[in-house]
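The chain contents come next:
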Amino acid sequence: MTRTAAVSTAPVIRPKRTRASGLLLTVILVGQFLAILNVNIVNVATPTIEADLRSSGAALQMIVAGYTIVYAVLLITGARVGDLFGYRNAFLGGLALFTLSTLGAGLAASSGWLIGFRFAQGAGAALMMPQVLTLIQRNYHGAARARAIALWSAVVSGGIVSGQALGGILLGFGAGWRVVFLVLVPIGVLLLIAGVKTLPADVERGRGGLDPWGLVSLSAAVLLFVVPLVLGRDLGWPLWGWISMALSVVTFGVFVAVERWVTARGGRPLVSAGVLRAPGMRPGLGVLLFGPATWGAFLFISALHLQNYLHLSPLASGMMMVPCALAFAVVGLGWTRLPIRQQRTLVPFGYVVAAPAYLGLGLADGGGVTYAIMSALIGAGLGVQVAVTNIATERVGDAHAADASGALLTVMQLGQVIGVATVGTLFISYEGTGPPTMPAAAALAGLAVLAGVCSLFLVRRRATKLG
C-alpha cells in the first residue's frame, strides 16, 4: 500500500468537551454493556428454551452462537458505516435494531424465529459497538480520554462476567427464559431517548465510500474462520470445519490483495494501511488478540468448572468471579494515576502476574479462598488491557478513529473466540478423567506469555515516541 494513506501524527485541533460529556459517556457505555451482556446471558436459559420451544441441539447452538458469529463478522463494516453516515446515526440505528430484535427474541414463538432475532441482535450490536470507541476518541482527550477508555474496557469485561450471573438471577425468579431478553427492552428504549438528545451531531461523513470488495472478502474470511471455531467443539470438529478455516486463510490473502488494489486506485480501503502504521497499533493488536483470548477462555472454563465440577449454581459461580472483576476494575481505572514511566512498566508486568496466576488456578481446582485469590490476581494482571487500548490508539488521528475502532474490536472478538474454542476444547477433553483445570490453566498461561511478549514491543515503541 502507498504512503499516501499514512496517519498523520501532527497535533490535531480538537473540540472542547461539553457539559453533556458525562451523560454522553453514560449512554454509549450502557449501550455497549447491553451488547456485551447478550453474548452470555442466554447460556443459562438454554435448558428452558429447549423444553419450551422443543429446540434441536443444532438450533440451540445457533441460538447461543448466532449472535457472536454475526457480531464478529460485521464489526469492521459497522465501523465504516459510522464513518459514512455519521457515528451518532450509526449508534442510534444499531441501538434501535438491537432493541427491536431483543423484543422479538423475547416474544419468539419458535426456534427459527429466535435464531433470526439473535442474528438481528448481532447485527445491531456490530453497528453500535464500533461507534462507542470512536465517539470516545473524538470527544475525549488527554486524561479524560484515558479515563473514558478505562471505563470502556471495564464495561466490556464487566458485561462478559455479568452475563451468566445476571441470567441466573433473572431465571431464579421463575419467570422463564423470555425474561432474559424482555428485561433489556425498556433499557434500550430509554437509551434511545437519551441518545437522541445527547449524542453530538456529526460534522463529517461520507469519506471514501464503503469499499464493497474489501467488505465482501473480509466478511467471508471472518465467517469462514469464526463459524467452525464457534460450532466445531459441539459438532466434534468435523472435516468441513478444518476446510473452512483453511479457506479463511486464503480468503484473508485475497482481502489483503483487494485492499492494495483499492489503495493503488486512489480509493479508501476498508482497513487503511496508515492505521496499521500508526505507532503502537500493530503490537497493540497482538496484545489484544492474545490477552482477550485468555480472558474469554478463562471465563468460559471457570463457568464449566464451578458448575459442573464443583456443582455451584449459575448465580454462585458468577459471584465467584466478583474478586476477578473488581481487581480488573481497580487496575483498569487506576493505571492513569501512575507516572508515564510506570505506566509503561505496568503493561508487561500485568501479564507477568497473570501467567503464574493461571497456573495457580489449576492447582486451586477445589474452589474456596485460594481460587478467589488466584482469580483476583488474574483480573489485576489483565486489567492492563485498558492501558493497551489507550496506548495503541493514542497516535491515531480523528480521521482514522473508526478504522482503528473496527480493527481493535474485531481482533479482540476473534481473540475471545479463539481462546474459547482452543482452551475450552482442551478443558472439555479432560473432563471425566479428573480435575480438568491444569492442562487448560497451562494453555492460558502460555497465551498470557504471548500477550506479554507483544506488550514489550508496544511499550518500547511508546517509550521511543515519548523520549
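Everything numeric here is computed off the predicted structure, so don't read it as measured data.

Cut-offs applied
Residues numbered from 1 in each chain as written. Predicted model: local features only at pLDDT ≥ 70, side-chain atom pairs only at ≥ 80, totals over all residues. Heavy atoms only, no water. Helix = DSSP H or I, 4+ residues; strand = E, 2+ residues; numbered from the N terminus. Contact = heavy atoms within 4.5 Å. Buried < 20%, exposed > 50% of the residue type's maximum accessible area, 1.4 Å probe, protein only. Core = buried A, V, L, I, M, F, W, Y, C linked by side-chain atoms within 4.5 Å. Phe/Tyr/Trp six-rings, centres within 6.5 Å; stacked < 30°, edge-to-face > 60°. Expected span 1.5 Å × (residues − 1). Axes fitted to C-alpha atoms, helices over the stretch in contact; angles between N-to-C directions. Parallel < 35°, antiparallel > 145°, perpendicular 65-115°, else oblique. Left-handed = near helix turned anticlockwise from the far one by under 90°. Nonpolar A, V, L, I, M, F, W, Y, C, P; charged D, E, K, R; others polar.

Enquirer: Even after reading the chapter, I still don't get the environment of Ala-108, so can you show me in this structure?
Expert: Tracing the backbone shows Ala-108 in the loop between α4 (87-107) and α5 (111-139). Expressed as a C-alpha distance, the spacing of Ala-108 and Arg-178, which sit 70 residues apart in the sequence, is 8.6 Å. In this view, Ala-108 contacts Leu-53, Trp-113, Leu-114, Phe-117, Trp-177 and Arg-178; residues no more than four positions away in its chain are not counted.

Enquirer: Looking at this model, I keep getting lost on the side chain of His-305. Mind explaining?
Expert: Locating His-305 in the fold gives a position in helix α12 (residues 281-309). Residue classification places His-305 among the buried positions, given a relative accessible area of 1%.

Enquirer: Would you mind going over the nonpolar core with me for this structure?
Expert: Here is a general trend for soluble globular proteins: nonpolar side chains tend to be buried in one another's company. Core analysis: the biggest nonpolar cluster contains 111 residues, and Trp-152 and Phe-298 have the highest contact counts within it. Considering each element in turn, this core owes the most residues, 11 residues, to α12. Ignoring anything within four residues of it in the chain, the contact list for Phe-298 reads Met-321, Cys-324, Tyr-358, Leu-361, Ser-375, Ile-378 and Leu-444. Core analysis: the second largest hydrophobic core is formed by 20 residues, Ala-65, Val-73, Ile-76 and Met-245 among them.

Enquirer: When you look at the packing of aromatic side chains in this model, what are you seeing that I'm missing?
Expert: By convention here, two paired aromatic rings are described through the distance between centres and the angle between planes. Tallied over the full model, the rule gives 8 aromatic pairs. Feature note: the residues Trp-295, Phe-298, Phe-328 and Tyr-358 constitute an aromatic cluster, connected by ring pairs.

Enquirer: Whenever I open this one, α12 confuses me. Can you help?
Expert: Turn by turn, an α-helix covers 3.6 residues, leaving residues three or four places apart pointing in a common direction. Taking 1.5 Å of rise per residue, 29 residues should cover 42 Å, and α12 covers 40 Å from first to last C-alpha, within 8% of that figure. With 22 of 29 residues buried, α12 is to be regarded as a mostly interior element. Where α12 ends, the next residue or the one after it, His-311, has phi of about 60°, a positive value.

Enquirer: Help me understand unusual backbone geometry, please; the structure alone is not making it clear to me.
Expert: Keep in mind that most residues, glycine aside, have a negative phi and that most peptide bonds are trans. Non-glycine residue Arg-54 carries a positive phi angle of around 55°. With respect to the helices and strands, the residue Arg-54 is situated in the loop between α2 (46-53) and α3 (57-85). The phi dihedral of Trp-237 falls on the positive side, at around 50°, and the residue is not glycine. Position of Trp-237 relative to the elements: it lies in the loop between α9 (212-235) and α10 (239-264). The partly exposed category is assigned to Trp-237, whose relative accessible area is 23%.

Enquirer: Can you help me understand the side chain of Asn-38 in this one?
Expert: Along the polypeptide, Asn-38 turns up in helix α1 (residues 21-40). Classification of Asn-38 as buried rests on a relative accessible area of 0%. Look past the residues within four positions of Asn-38 in its chain and what remains in contact with it is Tyr-67, Phe-98, Arg-118, Gln-121, Phe-181 and Leu-184.

Enquirer: Hey, could you run me through the packing of helix α15 (residues 340-363) against helix α16 (residues 368-382) in this one?
Expert: Helix-helix packing is described using two parameters, namely the angle between the two axes and the distance between the axes. Between α15 and α16, the least distance of the axes is 8 Å, while the angle of their chain directions is 155°. Put simply, α15 runs roughly antiparallel to α16. For the pair α15 and α16, the sense of crossing is left-handed. On the side of α15, the interface is formed by Gly-350, Tyr-351, Val-353, Ala-354, Ala-357, Tyr-358, Gly-360 and Leu-361, while α16 contributes Tyr-371, Met-374, Ser-375, Leu-377, Ile-378, Gly-381 and Leu-382. Considering only residue class, the contact of α15 with α16 consists of 11 nonpolar, 4 polar and no charged.

Coordinates in, geometry out; function isn't part of it.
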